[in-house]
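Listed below are the residues making up each chain.
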Amino acid sequence: MMTTSYISSLSLWNLPRSASGRLQAEIANATKEIADGRYADVGLAIGGQVGRSLSLRQSAAEIAALKDGNGLTASRINASQANLQQMQKAADARLATLTGLPADQRVAAMAASADDTLATLTGLLNATSNGQSLFSGTNTGASPIRDGAAAAAKTNAVAAFQSAFGFPPSDARTADLTAAQIQGFLEGTVAAQFADPNWGTTWSQASSTAITSRISLTETVTTSVGANETAFRQLAEAALVSSLGMTGLSAEAQAVVSNRAMSLLSKGSAGLVSLQADLGRAQARITDANARLDAQSALVTKEIAGLEAVDPAEAKTRLNAATTQLQMSYSLTAQLQGLSLLKYIS
């Protein structure tokens, strides 16, 4: 017995409408895959390997973060190196000037430029990079040299001189002081201001702990020098000795003063060279680490592409097919909407 199936125009009209949602989703996915070069739904596409994909992407993000951090670290080291070079050039120039002067003119020349020397040294040590102090060690939020440190140190030294000899350094009675007395004062009382704990009380608020930076997946390196280093103390001490202006001393005592300042300048300059070498080695290690990170990044990117990458040509074919089907669906819907029993009767 034959039966007749009834197909209404409403059913025909709704059929292409229900397919349009699926086709629009396919078009959106194909378009996204062409733009991004990877599956629109990675989990659906690669199934059980999605864990491997996530692990690789985490490694890629870590490598990128290390590269960014190395860039900031390199910038800080470059700024530190530039300031160290300025300090060294200033110390060498000052030493060369004093060496070229007659012995009886050195103390006066030292006193004339001492305040400017201290101000320059303080300014270079208090320099910042990206809002962080270069020479504060791990205490990057604070300036390493305290405000007014140089003036306070000079006041302390003058007071100590007065206490030791009964008159200030500018007094004419300094002519009666022996070379041995001046040497004892400079190497004892004055030098003590630049040793711990006086250095931290009067001059420095820097941390003695240097910054250690992670520069690769397995490597760390020291990437800073602090204001508590001996070289900086020696340069500051040389400037303070010069600032006392003991021009009334005997020739022998003046020689002690100038020789002390020149010795400190020489040692401080040598210390700066050593600090620059330390930072130079850190720079070389960062350069090597970046090269390894680039190689690791390329390898990880290749592995990710092997899991997630789509064939652009295949995605384009799917996009064209879905677009064509959707257009046909719209056309059929328009035709079905035009069907009418009244038109048939007429």
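These remarks concern the structure in this document. (Residues numbered from 1 in each chain as written. Predicted model: local features only at pLDDT ≥ 70, side-chain atom pairs only at ≥ 80, totals over all residues. Heavy atoms only, no water.)

Structural notes on the overall build of the protein
What the protein contains, in helices and strands, is 11 helices and four strands. Taken across its 346 residues, the protein has 39% of its residues classed as buried. Of the contacts made within the protein by residues no fewer than 6 positions apart, 78% connect residues no fewer than 24 positions apart. With the model as given, the accessible surface of the protein reaches about 18300 Å², and the carbon-plus-sulfur share is 55%. (Helix = DSSP H or I, 4+ residues; strand = E, 2+ residues; numbered from the N terminus. Buried < 20%, exposed > 50% of the residue type's maximum accessible area, 1.4 Å probe, protein only. Contact = heavy atoms within 4.5 Å. Areas by Shrake-Rupley, 256 points an atom, 1.4 Å probe, with all protein chains shown as cover.)

Some thoughts on the side chain of S133
The topology assignment puts S133 in strand 2 (residues 132-133). Only 2.9 Å separates the side chain of S133 from the backbone oxygen of A142, close enough to count as a polar contact. Excluding its chain neighbours within four sequence positions, the residues that come into contact with S133 are A127, T128, T140, A142, S143 and P144. (Polar contact = N/O pair within 3.5 Å; in protein donor to acceptor, adjacent residues only side chain to side chain.)

So, the environment of T189
You can see T189 is positioned in helix 6 (residues 179-192). It is 8.6 Å that separates the C-alpha atoms of T189 and F161, two residues lying 28 residues apart in sequence. Setting aside its immediate chain neighbours within four residues, T189 contacts A160 and G184.

Some words on the packing of aromatic side chains
For the structure on display, the rule yields eight aromatic pairs. Look at F135 and F232: their rings are 5.7 Å apart centre to centre, the planes differ by 70 degrees, and that puts the pair in the edge-to-face class. Taken together, the residues span a long stretch of sequence, with F135 in the loop between strand 2 and helix 5 (149-165) and F232 in helix 8 (residues 230-243) at a distance of 97 residues. When sorted by exposure, F135 lands in the same class as F232, which is buried. Ring centres of W199 and W203 lie 5.5 Å apart, and the angle between their planes is 15 degrees; on these two criteria the pair is classed as stacked. Placement of both W199 and W203 in helix 7 (residues 198-203) is noted, with a separation of four residues, approximately one turn of the helix. According to the relative accessible area criterion, W203 is buried, its value standing at 1%. (Phe/Tyr/Trp six-rings, centres within 6.5 Å; stacked < 30°, edge-to-face > 60°.)

Some remarks on unusual backbone geometry
With glycine set apart, most residues show a phi of negative sign, and most peptide bonds adopt trans. Going from D196 to P197, the amide bond is cis rather than trans, its omega being 5 degrees. You can see P197 is positioned in the loop between helix 6 and helix 7. Not every positive phi belongs to a glycine, and N130 is a case in point at roughly 55 degrees. Its location among the elements puts N130 in the loop between strand 1 (128-129) and strand 2.

What to know about the environment of M110
Relative to the helices and strands, M110 is located in helix 4 (residues 106-125). Overall, the relative accessible area of 1% leaves M110 in the buried class. Spatially, the C-alpha atom of M110 lies 9.7 Å from that of V257, the residues being 147 residues apart in sequence. Excluding residues within four positions of it along the chain, M110 makes contact with R94, L98, S242, V257, S258 and A261.

With respect to the nonpolar core
Counting residues in hydrophobic clusters, the biggest one holds 61 residues, and the most contacted among them are F135, I182, L186, W203 and V257. By residue number, the principal contributor to this core is helix 9 (residues 251-308), which donates 13 residues. Excluding residues within four positions of it along the chain, L186 makes contact with A191, E237, V241, M246, V256, V257 and R260. Core analysis: the second largest hydrophobic core is formed by seven residues, L56, I63, L66 and I304 among them. (Core = buried A, V, L, I, M, F, W, Y, C linked by side-chain atoms within 4.5 Å.)

Some thoughts on the pattern of salt bridges
In a structure, side chains of opposite charge can pair up when their charged atoms sit close to one another. Enumeration over the complete set of coordinates arrives at nine salt bridges. For R214, the salt bridge is made with E62, and the minimal N-O distance between the two is 3.0 Å. Of the two residues, R214 sits in strand 3 (residues 212-214) while E62 sits in helix 3 (residues 50-100), which places them 152 residues apart along the sequence. When salt bridges that share partners are traced, they join E219, R285 and R292 into one network. (Salt bridge = Lys/Arg side-chain N within 4 Å of Asp/Glu carboxyl O.)

A look at helix 6
In this model helix 6 runs 19 Å from its N-terminal to its C-terminal C-alpha over 14 residues, within 8% of the 20 Å that 1.5 Å per residue would give. The largest bend in helix 6 amounts to roughly 25 degrees and is located at F185. Taken as a whole, helix 6 has its buried residues at I182, F185, L186, V190 and A191. (Expected span 1.5 Å × (residues − 1). Bend = angle between axes of the 7 residues up to and from the residue.)

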